[in-house]
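Read off the chains here:
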Amino acid sequence: MLTSLALVFLLGLAAAALCSRIGLPRIIGMLLTGILIGPYVLNWLDDSILSISSELRQMALIIILIKAGLSLDLSALKKVGRPAVMMACVPASCEILAFFLLAPHILGINRIEAAVMGAVLGAVSPAVVVPRMVQLMEEKRGTGQGIPQMILAGASCDDIYVIVLFSTFVGMAQGGSANMMDFVNIPVSIVLGVALGAAVGLLLHLFLETAYRHGCYVRNSTKVILILGLSFLLMAVETWLKGIVSVSGLLAVMSMACVLKIKSPEKVTKRLSAKFGKLWIAAEAILFVLVGAAVDIRCAVQAGAAAVLMIALALVFRAVGVSICMLGTGLNRKERLFCVIAYLPKATVQAAIGSVPLSMGLPCGQLVLSVAVLAILITAPLGAIGIDRTAGRLLVQESPSDIAE
C-alpha cells in the first residue's frame, strides 16, 4: 500500500504540475495518472488501496467540504435561496428526462434502463466543482451575486437527489416498483443533515469557548484534528441510520463548518481554512488519481459515437435546466453562462455507482458503465477547463471597498 500511495502522490502531483505549466487544470493530470497506473492499464496500484478507494475518496471530499463551509458567506447565499434549492434537482431532472426520451432511440435500450442510465449520469461532480467554488469565494469573484455559494449549495444536494432516484429506478428495473418514501427521504435527508451538522458545530464551538475561558488554549492544529474526527463521525452516522432515517453526511459536515464560521472570530476561521487548504493538496491527489483509477478506459472505447451523441444531448437538456433555475435571479447573461458551465463536470458519483447496474446483472449494465466512463472523460476536463478559463471573464470580482462594506 505504501508504494501505491507514493505513486499516487508523486506521479499525481507531477502530472498536475505539468498540466498547470501548459495551462490545463491540475485535475486532468491527476485523472490521467489514475487511469494510467490503475488496474485497467498498467495495474501498478495494490489491491489493498483499491479496496478502500471509495473511503479514501470520501475522506478527501470531506476535507474540501469543511474548507467550503469555513469559506461560505451565508448572507450572500440567502439572497439566492430559491435558485440554490432548484439547482439541487432541476438540472439533474432535465438530464434524466433527456435519457428517458432519447436513449431508447439512440442506444437501443428500454425506458426503465434509460432512466437508470440517466440517474447514473445526472449528478454533477462535487469533487470538481466544490474546490473551484471555494477558490472563487476566496478571490471574491461572483460572491456579490452569490454565484459560487449557490453552485456550491446546489452541487452538495444534487447527489442526494440523484442517488435516491437511481435506487428507485434500479429497483424498478429489477422488477420492483417505485417507493414514495424514497422521494420523501430527499428533503428529510437534507434537513436532518443540516440540523445534525449545525448541532455538532455548536457543541464544538461551546467546548472550545469553555476550554479557552478556563485557560486551556486549543491549538489550531488540534482543532483541525477535532473537526476531522467529528466529520468522519457525521459520515458514519449516515451509514448507521441507513434503513431507519435518511441523513446526508456530506451536508452535515458542511453545516458544522458553517456554524463554526458563524460563531468563531474571523481570524480563527481564516487560519483553520488555510490549514484545510494545505491538507487539500494531498487530499486532491488521492481523490482524483483514485477516481481516474476507477475508470475502465476499455469501456469508453466500447461506448462509441452514439454514446457521445447521447451525452452531448443530455448536457443540452442540463443547460436548459440550469437556465430555468436562473429565472428571476437578476444575473446577467455572462453570469448565467458561467452557472451552466460550472454544472457540466461529472466524476465522483459516476465513478462510484457506474458499475452497480452491471454488478446487479441488469442487461443494460455494461452499456451504463461504458457511458458513465465516457462521460467522466469528456465532462470532467471540459467542466474544469471551462470554470477555470471563464470565471475571470464572466464573473465580477468585488473591489476592496465592496468587501469592506
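Residues numbered from 1 in each chain as written. Predicted model: local features only at pLDDT ≥ 70, side-chain atom pairs only at ≥ 80, totals over all residues. Heavy atoms only, no water.

**Considerations on the environment of tyrosine 40**
Reasoning step 1: With respect to the secondary-structure elements, tyrosine 40 resides in the loop between helix 2 (26-37) and helix 3 (47-51).
Reasoning step 2: Sequence separation of tyrosine 40 and isoleucine 297 is 257 residues, and the distance between their C-alpha atoms is 7.0 Å.
Reasoning step 3: In contact with tyrosine 40, other than residues within four places in its own chain, are Ala293, Ala294, Val295, Asp296 and Arg298. (Helix = DSSP H or I, 4+ residues; strand = E, 2+ residues; numbered from the N terminus. Contact = heavy atoms within 4.5 Å.)

**Focus on the pattern of salt bridges**
Reasoning step 1: Summed over the entire model, instances satisfying the criterion amount to eight salt bridges.
Reasoning step 2: Across the salt bridge formed by lysine 270 and glutamate 266, the nearest N and O atoms sit 3.4 Å from each other. Of the two residues, lysine 270 and glutamate 266 are both situated in helix 14 (residues 266-293); the distance of four residues between them amounts to about one turn of the helix. Of the two residues, lysine 270 and glutamate 266, both sit in the exposed class.
Reasoning step 3: Overlapping salt bridges, with partners in common, bring together Glu95, Asp158, Arg318 and Lys346 in one network. (Salt bridge = Lys/Arg side-chain N within 4 Å of Asp/Glu carboxyl O. Buried < 20%, exposed > 50% of the residue type's maximum accessible area, 1.4 Å probe, protein only.)

**Details of unusual backbone geometry**
Reasoning step 1: Notably, asparagine 43 is not glycine yet its phi reads approximately 55 degrees, a positive angle.
Reasoning step 2: If you check the backbone angles, lysine 140 has positive phi at about 60 degrees while not being a glycine.
Reasoning step 3: Residue placement: lysine 140 occurs in the loop between helix 9 (126-138) and helix 10 (147-173).

**A short note on the nonpolar core**
Reasoning step 1: Counting 139 residues, the largest nonpolar core has Ile66, Met133, Ile151 and Phe338 as its most contacted members.
Reasoning step 2: The element that contributes the greatest number of residues to this core is helix 10, accounting for 15 residues.
Reasoning step 3: Not counting chain neighbours up to four residues away, the residues in contact with isoleucine 151 comprise Met87, Val129, Met133, Phe338, Cys339, Ala342 and Tyr343. (Core = buried A, V, L, I, M, F, W, Y, C linked by side-chain atoms within 4.5 Å.)

**Looking at a nonpolar patch on the surface**
Reasoning step 1: A grouping of Leu11, Leu36, Tyr40, Val41, Leu42 and Trp44 is seen on the molecular surface, where their side chains present a nonpolar patch of about 520 Å² in accessible area.
Reasoning step 2: Of note, tryptophan 44 is situated in the loop between helix 2 and helix 3.
Reasoning step 3: Since its relative accessible area comes to 47%, tryptophan 44 is described here as partly exposed. (Patch = residues over 30% accessible without salt bridge, like charges linked within 9 Å, V, L, I, M, F, W, Y side chains within 5 Å. Areas by Shrake-Rupley, 256 points an atom, 1.4 Å probe, with all protein chains shown as cover.)

**Points about the packing of helix 4 (residues 53-71) against helix 12 (residues 220-240)**
Reasoning step 1: For the pair helix 4 and helix 12, the least separation of the axes is 11 Å and the interaxial angle reads 120 degrees. By the angle between their axes, helix 4 is oblique relative to helix 12. Helix 4 and helix 12 meet at a crossing whose hand is right-handed. Here Gln58, Met59, Ile62, Ile63 and Ile66 of helix 4 lie close against helix 12, whose contacting residues are Ile227, Leu228, Ser231, Phe232 and Met235. (Axes fitted to C-alpha atoms, helices over the stretch in contact; angles between N-to-C directions. Parallel < 35°, antiparallel > 145°, perpendicular 65-115°, else oblique. Left-handed = near helix turned anticlockwise from the far one by under 90°.)

**Some details on the side chain of glutamate 113**
Reasoning step 1: You can see glutamate 113 is positioned in helix 8 (residues 111-121).
Reasoning step 2: At 11 Å, arginine 111 is the nearest oppositely charged side chain to glutamate 113, a buried residue that forms no salt bridge.
Reasoning step 3: Among residues more than four places away in sequence, those in contact with glutamate 113 are Pro363 and Cys364. (Lys, Arg positive; Asp, Glu negative; His and termini not counted.)

**Observations regarding helix 7 (residues 90-106)**
Reasoning step 1: Taking 1.5 Å per residue, 17 residues should reach 24 Å; helix 7 reaches 23 Å between its end C-alpha atoms and fits that length.
Reasoning step 2: Of all the bends in helix 7, the largest measures some 30 degrees and sits at phenylalanine 100, one to four residues before the proline proline 104.
Reasoning step 3: Along helix 7, the positions that sit buried rather than exposed are Val90, Pro91, Ala92, Cys94, Glu95, Ile96, Ala98, Phe99, Ala103 and Pro104.
Reasoning step 4: Along its buried surface, helix 7 packs onto helix 6 (81-87), helix 8, helix 10 and helix 15 (297-326). (Expected span 1.5 Å × (residues − 1). Bend = angle between axes of the 7 residues up to and from the residue.)

**Some words on the state of the cysteines**
Reasoning step 1: Applying the stated criterion to the full structure yields zero disulfides.
Reasoning step 2: Cysteine 325 takes part in no disulfide bond, and the closest cysteine sulfur, belonging to cysteine 89, lies 7.1 Å away. (Disulfide = S-S within 2.5 Å.)

**Here we look at the side chain of serine 264**
Reasoning step 1: Within the secondary structure layout, serine 264 lies in the loop between helix 13 (249-263) and helix 14.
Reasoning step 2: In terms of polar contacts, serine 264 uses its side chain to reach the backbone carbonyl oxygen of leucine 260, at 2.8 Å.
Reasoning step 3: Filtering out sequence-adjacent residues up to four positions away, serine 264 remains in contact with His205 and Thr269. (Polar contact = N/O pair within 3.5 Å; in protein donor to acceptor, adjacent residues only side chain to side chain.)

**Here we look at the packing of aromatic side chains**
Reasoning step 1: This model, assessed by the stated rule, comprises one aromatic pair.
Reasoning step 2: Plain terms: the ring middles of tryptophan 280 and phenylalanine 288 are 6.5 Å apart, the flat faces sit at 80 degrees to each other, and that makes the pair edge-to-face. Here tryptophan 280 matches phenylalanine 288 in class, with each residue buried.
Reasoning step 3: The cationic tip of arginine 111 hangs over the ring face of phenylalanine 100; the distance from NZ or CZ to the ring centre is 5.5 Å. (Phe/Tyr/Trp six-rings, centres within 6.5 Å; stacked < 30°, edge-to-face > 60°. Lys NZ or Arg CZ within 6 Å of the ring centre and 35° of its normal.)

**So, helix 12**
Reasoning step 1: Here helix 12 spans 30 Å end to end across 21 residues, near enough to the 30 Å set by a 1.5 Å rise per residue.
Reasoning step 2: When we look at burial in helix 12, the residues that qualify are Asn220, Lys223, Val224, Ile227, Leu228, Ser231, Leu234, Met235 and Val237.

**Digging into the environment of glycine 197**
Reasoning step 1: Within the secondary structure, glycine 197 sits in helix 11 (residues 180-213).
Reasoning step 2: Residue class for glycine 197 comes out buried when judged on its relative accessible area of 0%.
Reasoning step 3: Counting along the chain gives 33 residues from glycine 197 to leucine 230, while the straight-line C-alpha distance between them is 9.5 Å.
Reasoning step 4: Those residues in contact with glycine 197, other than ones at most four positions away along the chain, are Leu234, Ala252, Ser255 and Met256.

**Observations regarding the packing of helix 4 against helix 14**
Reasoning step 1: Where helix 4 contacts helix 14, the axes come no closer than 8 Å and their chain directions differ by 150 degrees. One element, helix 4, and the other, helix 14, form an angle in the roughly antiparallel class. Judged by the twist between their axes, the crossing of helix 4 over helix 14 is left-handed. Where helix 4 abuts helix 14, its residues Ser53, Leu56, Arg57, Ala60, Ile63, Ile64, Ile66, Lys67, Leu70 and Ser71 lie against Thr269, Leu272, Ser273, Phe276, Gly277, Leu279, Trp280, Ala283, Ile286, Leu287, Leu290 and Val291.
Reasoning step 2: Along the lines of polarity and charge, the residues of the contact of helix 4 with helix 14 split into 15 nonpolar, five polar and two charged. (Nonpolar A, V, L, I, M, F, W, Y, C, P; charged D, E, K, R; others polar.)

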